[in-house]
Amino acid sequence: MYSVKKQNKQKNEKMTIYDKVLKALHQAENHNSQIMVKPEVILWPDPEKQWAEVMAILQEALPQLLIYGDYEPAKKQGPAIWLKCMVTKNLPEADWDSNVTPIIYLPGVSKQDLRNVENAVFNFQPLLEYQYTGTTFLQENGREWTVLAFLENLEQGLGLKVVKDAATKDALVKTLPSIIQSTDVFYGKSMVDANFLNSQIFPDLIPGILKWMCRGGRYLNSLTPGKKEVFFNLCRSEYDFEPDEKNIKAIAEKLGSKKNNWKYVWQMYETAPSKYPEIEELLRLAKPTDLGTGIFALPEETWPQVNEQKEDELRNGLTKAAKLAAPEAIEKLQKLEAEHAKRRTWVWAELGKSPLAFALQHLANMAQEINIAPDTYSVQSLKDWYTGKGFKVDQSMRRALAVVKSEKDKNTIKAIIKLLYQPWLENLALKMQKLVETNAAIFTSQQATDESESFVLFVDAFRFELAEEFKQRLTKHKYKVELNAAWCAIPSLTPTAKPATSPLATSVSTESEITDFRPKLKTGKDLLTPAFREELANKGFEAISSLSAINPIKKQWMEIGDTDTKGHEEQVEMVKRLDEIQEQVLEIIEAAFDKGIERIKIVTDHGWLLLPGGLPKEQLNAGLTETRWGRCALIKEGASSELLHLPWRWNPSIYIAYAPGIHFFKANVEYAHGGISLQECLVPVMLIESPGVKKIKATIDEIKWVNLKCRVQTSEIPDGYLVDIRTRYNDEKSSIVLPPKRVVTNNTIALFVDDDAEAQAATVVLMDENGVILDKKATTVGD
């Protein structure tokens, strides 16, 4: 059973100093009306002026709180004669109820000064009578109330244990304005000392240390004198250094060594290294020649030179691997991955200084999947294998290319791709073509059907492996996703394949004349863009191009993306554009569901081949062809060719010739489509459903700033939900909140933000435990 003392302590933990002071002042007014006259006034002596800085805060709840001092009526402060007029309510500023007892705060006046009537200064004498007609606000032991006394007193204060040294007493007074109304500042605190209190004045000490390291005197000049003093005190006591730019090398070495409290400074730097750009060069300057060995060794991951050296070693290792036979190269990649994987967790990876370490991960994954033989028994088994795991080879190759930037690194990665990926890609295409040559039903038996979905989103050149990646992203957002694979119309070119995947497919003639592989409508119209849109409308679909046009009561067709254009223009460099395309598609999905769309169908026209260094060239004399594109051609009537020939989708009497394997009819081309391969012809069809309206109507009710501390009040949400403050609401990397984790408890959370963000426009974002945004509200930092 809890003792009374324990029960009181639990009660006190839920109350603030502010609450306790108000309660104590109210108790001072109490009197027994049967034997006593109501006190005319309450005198509050404060010889050390400890409470002076919080008078304005207390006056918000106590309009009867007056201050002895120079005449400043706006503060309800004035000399003795003015105070007496206020007590008797002879002035309009005396705006409290008549049954309320006025309180006079006496800064610099002690209990003894009140009793020393003979020696009282003339200006103070008019107030002395109140010690007889009123009451004096004192502790039970007769002493004046100090801040320390309110923290320690079990009955009338918070009942806390407080270190009684001079530093703690001084810190109590300095921090009082910051902590007087805080409900959680002392929660669970067994002992209060100067360092703890100073951390309340300077809650952002660790980022402050990093900013000082970056800016030196400019940072110190941005602090108030009081805060600067606290900063120096905490640096000395907690981090064992004097903030002096002359010692910056030794201080940077402390950071890189991560010893004692410096490990927390390093952790802060790791979370947002781009905010402190100067730190990298300071660490470079401070790195010891010898990092030591054994238990005395310094960490290797904190020094930029170590990471650079290991990137060079990895580049050399990859270059050597590219000169080996494929089996030995794959084994070498696995060994390099085991050695360098840990560097992807280093801060230099976050800063983009470890591109090869990231590329290596994808190359190792690619090599592992290449080792698994595809099932080539039939086209269906080949499709099943590719959609199950084979696509990972293409995905890993693309990702490896996307993370490297320098020409030196690109050439290193391309050499591995040429060694391992090109033979795999060529072999896979040849097997696919052989199967199709025997049985082309996957292309020749395609039948157009009416579109049953109401909102169709066409994403240009959305290759299957990209759709798989996008599916994972959608799943994280809690969308319901169904991904299927289908065969596009051939040749895998936009003029042929796009109509087949659109709502107007049933209107396209299968007896079309061929013009640049473009069919005609059954009406005879050439299927150019105007005719395409007109026929969409005839099919009941509205073609829209903006988010504002989305309408849940209409059937709509929307197009997005220029992957194909970028591929032809930029060749292999187009891989860096693909994340941007996914972002755009996600934005449309979110907007559509917000507007009431219940389900979205994503379709595309074709995929593509991508090979750094260029696809191998297949010679085809232009004089033999009516139309020749990169991977397919219409051979002139009467001309002979050994190439694979297959019927055109929109007129089976017209046969199209296809380049063998991954070959191209021109040289030095890295991006292509129009041929017969899994990568070009197997396309995704996605059905995405909204996760639905959540049963929990989670909302942000209130946002309250106190300097750089933001208190957010929510409603109707379980513990464990997340709150963040971002400059771009849907980008978690734009967060301006300082650690630790931003978890809501009891529908409330207090967050601290970086002082660089003061006065910035931002958005407070409420999310469930999976990071799905439930509510958001605009705010201005510190306002």
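Residues numbered from 1 in each chain as written. Predicted model: local features only at pLDDT ≥ 70, side-chain atom pairs only at ≥ 80, totals over all residues. Heavy atoms only, no water.

## Remarks on the overall build of the chain
- Broken down by element type, the chain carries 28 helices and 23 strands.
- Rg of the C-alpha trace for the chain: 37 Å, well past the compact-globule value of 28 Å for 783 residues, more than 25% over.
- Overall, the C-alpha framework of the chain stretches about 130 × 70 × 50 Å when taken along its three principal axes.
- Burial analysis of the chain (783 residues in total) assigns 51% to the buried set. (Helix = DSSP H or I, 4+ residues; strand = E, 2+ residues; numbered from the N terminus. Rg over C-alpha atoms; globule rule 2.2 N^0.38 Å. Buried < 20%, exposed > 50% of the residue type's maximum accessible area, 1.4 Å probe, protein only.)

## A short note on the sheet that holds strand E8 (residues 541–544)
- Taken in spatial order, the 6 strands line up as E7-E17-E10-E6-E9-E8 in an open sheet, and their pairing is mixed. Each edge of the open sheet is held by one strand with a lone partner, namely strand E7 (480–487) and E8. Taking the axes of each pair of neighbouring strands and ignoring which way they run, one obtains an average angle of 20° across the sheet.
- With 3 bridges joining them, strand E6 (residues 455–459) and strand E10 (residues 599–603) adopt parallel strand pairing. (Pairing = 2+ DSSP bridges. Axes fitted to C-alpha atoms, helices over the stretch in contact; angles between N-to-C directions.)

## Some points on the packing of helix H17 (residues 326–340) against helix H21 (residues 407–438)
- Where H17 contacts H21, the axes come no closer than 10 Å and their chain directions differ by 125°. With respect to each other, H17 and H21 are oriented oblique. As for how H17 packs across H21, the hand of that crossing is left-handed. Facing Ala 326, Ala 329, Ile 330 and Leu 333 of H17, the residues of H21 in contact are Ile 416, Leu 419 and Leu 420.
- Looking at the contact of H17 with H21, its residues break down into 7 nonpolar, no polar and no charged. (Parallel < 35°, antiparallel > 145°, perpendicular 65-115°, else oblique. Left-handed = near helix turned anticlockwise from the far one by under 90°. Contact = heavy atoms within 4.5 Å. Nonpolar A, V, L, I, M, F, W, Y, C, P; charged D, E, K, R; others polar.)

## Here we look at the pairing of strand E23 (residues 773–780)
- Relative to E23, strand E22 (residues 761–767) is paired through 7 bridges, and the arrangement is antiparallel. Bridged to Val 764 within E23 is Lys 777.
- Turn length for the E22-E23 hairpin, with the two strands adjacent in sequence and antiparallel, is 5 residues, and the turn residue Gly 771 shows positive phi of about 85°.

## Points about H21
- For H21, built from 32 residues, the straight-helix expectation of 46 Å at 1.5 Å per residue is met to within 8% by its first-to-last C-alpha distance of 43 Å.
- The largest bend along H21 reaches roughly 40° and is located at Lys 418. (Expected span 1.5 Å × (residues − 1). Bend = angle between axes of the 7 residues up to and from the residue.)

## Considering the pattern of salt bridges
- A complete count under the given rule lists 37 salt bridges for this structure.
- Across the salt bridge formed by Glu 337 and Arg 344, the nearest N and O atoms sit 2.6 Å from each other.
- Residue classification places Arg 344 among the buried residues on the basis of a relative accessible area of 17%.
- Where Lys 525 meets Glu 534, a salt bridge forms, and the shortest distance between an N and an O atom there is 2.9 Å. (Salt bridge = Lys/Arg side-chain N within 4 Å of Asp/Glu carboxyl O.)

## Here's the deal with helix H2 (residues 17–29)
- Over its 13 residues, H2 extends 19 Å from the first C-alpha to the last, a length consistent with the 18 Å expected when each residue adds 1.5 Å.
- Within the sequence span of H2, burial applies to Ile 17, Tyr 18, Lys 20, Val 21, Leu 22, Ala 24, Leu 25, Ala 28 and Glu 29.

## So, the sheet that holds strand E21 (residues 748–752)
- The sheet built from 3 strands is open, its strands ordered E18-E19-E21 with antiparallel pairing. At either margin of the open sheet sits one strand with a lone partner, and together these are strand E18 (699–706) and E21. If you compare each strand with its neighbour and ignore which way they point, the axes differ by 20° on average.
- Summarising the sheet, strand E19 (residues 709–715) and E21 pair through 5 bridges and their orientation is antiparallel.

## Quick notes on the packing of aromatic side chains
- One pass over the structure, following the stated rule, counts 26 aromatic pairs.
- Ring centres of Phe 241 and Trp 262 lie 5.4 Å apart, and the angle between their planes is 50°; on these two criteria the pair is classed as tilted. A residue pair is termed long-range when its members are at least 10 positions apart, and Phe 241 in the loop between helix H12 (225–239) and helix H13 (248–257) and Trp 262 in helix H14 (residues 262–271) qualify at 21 residues. A single burial state applies to Phe 241 and to Trp 262, both of which are buried.
- Put simply, the rings of Trp 44, Trp 51, Tyr 105, Phe 137, Trp 145 and Phe 150 pair up and form one aromatic cluster.
- Positioned over the ring face of Phe 458 is Lys 498, at 5.0 Å from the centre of the ring.
- Positioned above the aromatic ring of Trp 650 is the side chain of Arg 649, whose terminal nitrogen or guanidinium carbon lies 4.2 Å from the ring centre. (Phe/Tyr/Trp six-rings, centres within 6.5 Å; stacked < 30°, edge-to-face > 60°. Lys NZ or Arg CZ within 6 Å of the ring centre and 35° of its normal.)

## Structural notes on the nonpolar core
- Core analysis: the biggest nonpolar cluster contains 113 residues, and Leu 318, Ile 413, Phe 443, Leu 457, Ile 589, Ile 602 and Ile 676 have the highest contact counts within it.
- A per-element tally of this core places H21 first, with 12 residues.
- Not counting residues within four places of it along the chain, the set of residues in contact with Ile 589 comprises Phe 470, Leu 474, Tyr 479, Ile 600, Ile 602 and Ile 688.
- Counting 41 residues, the second-largest nonpolar core is a separate cluster that includes Phe 202, Cys 235, Trp 346 and Val 347. (Core = buried A, V, L, I, M, F, W, Y, C linked by side-chain atoms within 4.5 Å.)

## With respect to the state of the cysteines
- All told, the structure shown has 0 disulfides when counted by the stated rule.
- No disulfide involves Cys 214; its sulfur sits 14 Å from that of Cys 235, the nearest cysteine. (Disulfide = S-S within 2.5 Å.)

## With respect to the side chain of Gln 433
- Tracing the backbone shows Gln 433 in helix H21.
- With near-sequence residues (within four places) excluded, Gln 433 lies in contact with Arg 631, Leu 644, Ala 659, Pro 660, Gly 661 and Ile 676.

## What about unusual backbone geometry?
- Cis geometry marks the peptide bond from Ile 490 to Pro 491; its omega dihedral reads 0°.
- With respect to the helices and strands, Pro 491 occurs in the loop between E7 and helix H24 (494–500).
- At Lys 89, a position not held by glycine, the phi torsion is positive, near 60°.
- Assignment of secondary structure puts Lys 89 in the loop between helix H4 (80–87) and strand E4 (103–107).
- Even without being glycine, Asp 240 reaches a positive phi, approximately 55°.
- Along the chain, Asp 240 falls in the loop between H12 and H13.
- When its relative accessible area of 57% is taken as the criterion, Asp 240 is described as exposed.

## Looking at the confidence of the model for the chain
- With 96% of its residues at a pLDDT of 70 or more, the chain shows a mean pLDDT of 89.
- Note that pLDDT drops below 50 for residues 1–13; the model gives that stretch 13 contacts with residues more than four away or on any other chain. (pLDDT = per-residue confidence, 0-100.)

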